[in-house]
Every structure is written in C-alpha cells, then in structure tokens.
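# What the coordinates show
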Amino acid sequence: MEWKTLQAKDVHVAYYGEDVVSGINLKVSSGDFIGIVGPNGSGKTSFLRALSRTLRPREGLILLGEMDLYTMPVRQVARALAMVPQDNPISFGFTALEVVLMGRNPHLGRLQGVGPYDLEMARNAMEKANVWHLADRPVNELSGGERQRVIIAQALAQDTGLLLMDEPTQHLDINHQLTLLEMLSGMCASGQAVVMVVHDLNLASQYCGQLIVIRRGREFARGTPAEVLTSAVLQEVFGVGSIVTRHAVTERPHVIFLPAGNGDLEHPGPRVHLICGGASGASLMRELLERGCYVTAGVLNLGDGDEEVGRALEIRMAVESPFSHISEEAHLANLELIREAEVVVVSDLHVGSGNLVNLEAALQALTWGKRVYMFSPRPIAERDHTEGGAAALYRRLLREGARETADREELLGEVVGERRESG
Amino acid sequence: MEGTLSVAERLAAMRRRRVAVLSVLGLLLVLVVIAAVALGAVYVPIATSARIIVSRLPLLGRLVDATWSPTQETIIISVRLPRVLLALLVGMGLALAGAIFQGLFRNPLADPSIIGSSQGAALGATIAFYFGINFGWGGLSAVTLFAFVGAFLAVFVVYVIARAGGRVSIAYLLLVGFALSSFLASIVSLLMVMSEDRMHNIFFWLMGGLGTGSWDAVLAVLPCIAVGGVVSVIFAKDLNLLMLGEERATQLGLEARRFQWIMFAVASVVVGAAVSVSGIIGFVGLMTPHIVRLLTGPDHRYLVPGSLIGGGIFMVVADTLARTLIAPNELPVGIVTAFFGAPFFIYLLKRRRHAIA
C-alpha cells in the first residue's frame, strides 16, 4: 500500500468547454473519512471521477504523493486507490467471484494467474461486502443492490489505501447501508481513507469525519458535520428548510427536513424546459441552474454535446438514439416535460429535418399557455437546414406570442423574473 | 453449504471443467482433420490417411510402415493436407478475430465481415493485385501486407465513427460497419471491372474459397495466425477486464485505449492473412465465439483458445462439404458458411432485440 496523500489543487473539470467543477481543493490523508455532499448537478461526481484518474481536469493538479496522478501508469494508480462507480452494468455472464478477482489485476503480472493470496483477499472482500454467498452466481442475474456490493468487493479486493466511492449506498437497504458505512469507518480507523459522494446527509453526519459541501462546482462549506450541517447552509445550498438536532446516541448533527411550502424549494426559480442540440444549450443549462431554475431538456440525441452536459448536470431529458430522427415516442416524452414546465427556451440550435419536430413542440407549449423564448444570437436563417421550414416555424412562433432575443442577459432576466411577476 | 468447498477448490473445479471442454474440442479437431483428408474424389481409408500423416511427423514417423501406394501418398500430402490445413488456419484466424472484436466492442454481433474488416482486407489485396504490386518480405507478400493495412484502416474508421459520444451503440456499429463494407466492396468491384484481364483471378479469389490451397499458402498464413493466437492468449485477461467497460478497466489498472489499438492491430493481421488466401468468408467469426462461449463461459483465457479450435473445426467441415457435396464440382466455401451462419445471425438478432434498440 504505497499511499501517502491525495491532493486536488484548484481542479476544474469541463464537458464541452462548460465547467462543471470550478476550482476545488482537497487533501486526503491516512485515516480521513470525507463525505462530499451537494445538490444534483453540483459537480460532485465529476470531481470524484477526476480524483480517480477517470476524467482529466481541464485545469489544476491532482497529486498522489508527489506524483501527478495523470502522468502515473494506471496500474500504479490502481494499486494506490480504488474507485466504486455509481452503476456498472455488466452484461456478460462472469460469476461474482470472477468479477471480484478482477480487482486483483493491478497486483498481477500479465501471465500470472490468481494465487492463494489473491483468493484470500477476494474472499475477505466478499465477506466484508456480504456477497460471499453469491460467489458462484453470474453477476448479470443479481439485483441492483447485490451487484453494487459485488463492485464494492471488487474495489476492496484491490487492497488500496484509498477508496473513492460514488453513492455507494444508493441501491442498498438500510441494514446494508449501515454495515457498509460501519466497515468503512473501521477501515479509516486503521489507517486507510475514504472519499465518498453521498446524498443521505444523516448517514454522512454519522460516519464522516469531514464534509465538503459543493454547490455549482465550487466549495460552499467544509468542516466537521457539526460545523457544516446547519439550517442556514442547507437552506442556502439545497433550498430546503430544516431543523438540525443532535442524534440521541452519537451526538452528531441530525437533520430533519421541513415539508416544502410551495413545491420545489431546491429550485426557487421557475421550471424551464430547454430545446437545444449540438452544444448550443450547454451554457444555458448551467446559467439557468445557477439562477435556481429546475431545468429539463429535449429532445436530444444520445452522445450529443448537450446531452453529455445534461447528463453531467443530472437534469431530466427526453432523448433519442444517436444520429436518429426524433421518434414519436421521444417527441411525446418531450411534450410531457414541456407540460410540466413553466417556461420553454429554444437555444440557437441548428434545425434539420431530424429535429424540426422540436419546434413544433415549442408551438404546442404556446397553445398550453407556456411562455416561450427563442435565444437567437444568430438568426434562424443561418441555422435552418430545412429549406425555410424552420424559419417559417420561427415566424409562426413569434406570431403566436413567443419572444425572440439575441441578448443572453435579457433572456435570463426575463426567464427568471417570470415567476416573480406572476407570483 | 458453500463453506464445504474452499475458493481455491471451487476455482480449480471450474478450471478443470473448462480445460476438459478445450481438450474435447482439440480431439474433435484432430479427428475432423483426418476425416477431411480422407474424403474426396478418391477415398483414402481413414486409417491409411492417418498413418500417412503420422509418417511425415518427426519422431513418430518411424513408427509406421509404408503400406500405401505412392498415389495415395501424393493425394494426401500434396493435395488434400495443404488445403485442409489452410482451411484450418483461415477458420482459426476468422474465429479469433471474431472473439477479439466481440470483446473489444462488447458486442456479440461483431464479426470481421460484418464490421468491414474483411472487406478492408479485400480492398487492400485487390489494390495490390490491380496495380501489380509485387514485392516479398520474407514470407509476406505485398498482397498480404496490403490486406493487413486495409483491414486495420476499415476497423479504425468504423470504431472512430461508432464511438461518437464516448459510447459504442450496437445499432450504430452495425450500420456503420454495413455501410463501410458495401462502400469498400463497391470499390473492389470497380477495380475488377477496370482490370479486365486480371479480373478473372480477383473474382474467383473474392468469392471465398480455398481451392488454391498449397503448402506455400499454408506457410504464409501460419506465422500470422500463430502470432495472433499467442498474443491474444497473453492478453486474454485484459479482454476480460474490458468487458467491464473502458472506464472501469482503466480503474482496475489497464491502459484501455492502448490495449484496444494493440488488439485491433492483432485482429487486422489475422484477418488480413486469412482474407489474402481465401477471400471473404463470412459468419465463421460470428458464430464460433458464441458457441464456444456457451461451453466455456465468457472468460477469454478459455474463449480465445476455444475459438481458435472451434473456428478450425467449423472451417474444415465447411470446406470439406464445399468440395464433396457436388463433386466433381466445387462450391465456394462462403456459400456453405453463409448457409449455416446467416440463420444463426438472425436468431441472435432476435434474441438480443432489446439490447440492440
């Protein structure tokens, strides 16, 4: 276990030029149990992926000991730190034991088979993760929670000093959650370290020694659970009212959330549906989120730049297969999102026959009484690949009450101001 | 209940079962080769065929007395054996490439002729034929070298396009592969039409057949398939890791990108060698790894050698049918493999309908 410290220095992570993590610092040393918390789309997962050598930061440095993580051989990294990703679909029929043994890979030579020591490590890991009884079962037949625990066992079998975990408790029942976190604190007590993205603030409070609250890609607060988990912070970061008490047994902070007064308090701004594509909507997504809007988007093709950013920001989207025309099904899913939104924004997307139907969705939004804005720093004529069909739809949208603007600030102001006027 | 068996014992049992499967396949391969050598226009009794072959082996050769006629020996050694061995090597190569592509793309429908690599090899070889490029490089002819390059470029193009967005979609991969295959095939046809006098040669070669089977061809292909097979066995563990996805494999200590390129190169060498002697023969690379996977499980340490053996069996049987079914005439062997392979492909498509959407 060649493990000293892991340090993130001013790390920025970007998708398609859009920063989802902007300047986070972190130092992990032996014994640390660090929880990363924050609302959806705040950049927690992207930051953890950067720490695990999976997603190269746009800027900033990650040091393992004295070495730049991204110049180290991956084998060496895999002997020092193990990652548990959020979900890992395995489609081929390896047994759970075979999958866990793959965790021994960084310790084995190319032609070296698994030895008795590796088997012992795998068995230990599987017993700790409570999947030893599943050893002979093909993983693709296991339930979500069982598969999650197999992946945890795989990471434990790597026998690393540092564990990075992305919501390791998410598919687990309460019993397995507690067992897992109990085990992780035991590991930290004996000199290992864990960095974990976690949604359940009370679990984080009970087990983590240090919490980092991330909002909009930046550190908002950091410290012990008692320092960080206050009503004021929760109100500011999650937009949720809460009472923080002390846990009767552990004396750690215990959060009780108050029922939301008027719907979605995490997003004080209006609910906005964004019609975009290419990479035209990525910056709008972020700006709307930052102004407190609940953002949805569609229809986007899988693998499209906007779809990637949307996925990183964890927003709900109506999607279509890569490079395909938008199907009836995707269109209906899109209309469903539009129906739930208050405002529809059409980005300066390029329109072809494949996505023309997205403009019809905007027309539908007008008939439902939604406010529709077209953001057109470049006129539609330059982005119309349908021989005038799109331009005609734009004209019709304008006739029926949509607004068009080329000014980003004006657009955002009007979209966000909307609720204040009506409310 | 599980406690009664230790992990080591359990793994050993699994390993023994898989080794047993491979041994049975290997034995089957030997029997199939001997039967294939015996069968043909002139039937040479199986026992005699076997003894003629053994007599040519080092050491063992002294143990058999020559009780057969010189004609029989000529038929077996100079005519049938090279052809059967060539079929064996081509089948091994295509099945190996199929196993590699299915692993790299994590896609059960990948096969050298479906994702365009065979057609790339064919175009490379055709270009060498057409322009009469003729230089040798040890055992490697210009035709073979051009076939390697063609196969590699085709896979490269398909992979880069199908990867758009970071994930390889199955439907998209098949469509891109299909489009590229057709495109490359059209260029081959164009060259054929333009090359009137030499067209005849190219045409027959492209139909897919092993009629040209000679010891020279066997010796040209053998090193490529051997190297490909050995490298794949060495990297089998890494192919397993890649099944967890590129990202997870990297987290477990595999340089996934670099590894993918190595395997693309290996598969291209193997496909190029196979196509340069036999033309385009479809479905061997698709079917064999599937059937072997049912027997050995998904572990590439067994799947790779199993596919090598299985592809050899499949191809030797198919070629024997091709040259005996309508004797004295011969069917192109591609017809035989497609006859069995195409329905199997449709069966797979139906079974995996959900995964393909």
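From a predicted model like this one, the values you see are computed outputs, not experimental measurements. (Residues numbered from 1 in each chain as written. Chains lettered and ligands numbered in written order. Predicted model: local features only at pLDDT ≥ 70, side-chain atom pairs only at ≥ 80, totals over all residues.)

### Quick look at the overall build of chain A
Selection rule: Helix numbering and strand numbering both begin at the N terminus, where a helix is a DSSP run of H or I of at least 4 residues and a strand a DSSP run of E of at least 2. A radius of gyration in this sense is built from C-alpha atoms; the matching globule rule multiplies 2.2 Å by the number of residues raised to 0.38. Burial is judged by counting the other C-beta atoms within 10 Å of a residue's own C-beta: 20 or more makes it buried, 12 or fewer makes it exposed, and any count in between marks it as partly exposed, with every C-beta position built from the backbone. What counts as a contact is two residues whose backbone-derived C-beta atoms lie within 7 Å of each other.
Per the secondary structure count, chain A includes 15 helices and 18 strands. Relative to the compact-globule value of 22 Å for 423 residues, chain A shows a C-alpha radius of gyration of 24 Å, a close match. Relative to its full complement of 423 residues, chain A shows a buried share of 47%. Across chain A, every contact between residues at least 6 apart in sequence was considered, and the portion connecting residues at least 24 apart equals 67%.

### Topic: the nonpolar core
What counts is decided by this rule: What we call a nonpolar core is a set of buried Ala, Val, Leu, Ile, Met, Phe, Trp, Tyr and Cys residues whose membership is set by joining through C-beta atoms within 7 Å. The start and end points of each domain follow an automatic or database-based domain assignment.
If you look at the biggest cluster of nonpolar residues, it comprises 244 residues, and the most contacted ones within it are A:Val100 and B:Val270. Broken down by element, this core gets its largest block of residues, 19 residues, from helix H3 (residues 70-104) of chain B. The two domains that each donate at least three residues to this core are domain 1 (5-233) and domain 2 (271-422) of chain A.

### Quick look at the interface of chain B and chain A
By convention, interface size is frequently given as the accessible area that disappears when the constituent parts associate. Note the cut-off: Polarity classes work like this: nonpolar for Ala, Val, Leu, Ile, Met, Phe, Trp, Tyr, Cys and Pro, charged for Asp, Glu, Lys and Arg, and polar for all others, with Gly in that last group.
Listed by partner, the interface residues are 26 residues for chain B and 30 residues for chain A. Ranked by the residues each element gives to the side of chain B that touches chain A, the list is headed by helix H10 (residues 246-251) of chain B, at 4 residues. Taken together, the residues that form the side of chain B that touches chain A break down as 12 nonpolar, 8 polar and 6 charged.

### Regarding helix H2 (residues 46-55) of chain B
Counting along an α-helix, one turn takes 3.6 residues, and residues three or four places apart therefore face a common direction. Convention followed: Note that the arc is computed from the directions linking the helix axis to the C-beta atoms.
Along H2(B), the residues that are buried comprise B:Ser49, B:Ala50, B:Ile52 and B:Ile53. Along the axis of H2(B), the buried positions cluster into a sector of 160°, meaning they face one direction only.

### A word on the packing of helix H5 (residues 142-162) of chain B against helix H11 (residues 256-278) of chain B
When two helices pack together, their arrangement is captured by the angle between the axes and the distance separating the axes. All names here are of chain B. What counts, and what does not: Helix axes are fitted to C-alpha atoms over the stretch in contact, other axes to C-alpha atoms as well, and angles between N-to-C directions run from 0 to 180 degrees. For classification purposes, angles smaller than 35 degrees are called roughly parallel, those larger than 145 roughly antiparallel, those between 65 and 115 roughly perpendicular, and all remaining angles oblique. A clockwise turn of the near helix away from the far one marks a right-handed crossing, whereas an anticlockwise turn of less than a right angle marks a left-handed crossing.
Two elements in contact, H5 and H11, have axes whose closest approach is 8 Å; the angle formed by their N-to-C orientations is 135°. The orientation of H5 with respect to H11, classified from their angle, is oblique. Note that H5 runs across H11; the crossing there is right-handed. Taking contact as the criterion, the partners of Val143, Thr144, Ala147, Phe148, Ala151, Phe152 and Val155 in H5 are, on H11, Phe264, Ala265, Ser268, Val269, Val271, Gly272, Ala273, Val275 and Ser276. Here the contact of H5 with H11 is composed, by residue class, of 12 nonpolar, 4 polar and no charged.

### What to know about the sheet that holds strand S18 (residues 403-405) of chain A
All names here are of chain A. Condition: A pair of strands is considered paired only if DSSP assigns at least 2 bridges between the two.
Sheet architecture is open: 6 strands sit in the order S15-S14-S13-S16-S17-S18, paired in parallel fashion. Every other strand in the sheet has two partners, leaving strand S15 (316-320) and S18 as the edge strands with one partner each. Between one strand axis and the next, the sheet turns through 20° on average, direction left out of account. Sheet topology places strand S16 (residues 343-346) next to strand S17 (residues 371-375); 4 bridges connect them, and they run parallel. Along S17, the bridge assignment pairs Val343 with Arg371.

### Points about helix H13 (residues 357-367) of chain A
Residues and elements named next belong to chain A. Every buried residue belonging to H13 is among Asn358, Leu359, Ala361, Ala362 and Ala365, and all of these are buried. The arc that holds every buried residue of H13, seen down its axis, measures 150°, which confines them to one face. On the buried face of H13, the contacting elements are strand S13 (271-275), strand S14 (294-301), helix H12 (328-340), S16, S17 and helix H14 (389-399). Positive phi appears at Gly369, one or two residues downstream of H13, with a value of about 85°.

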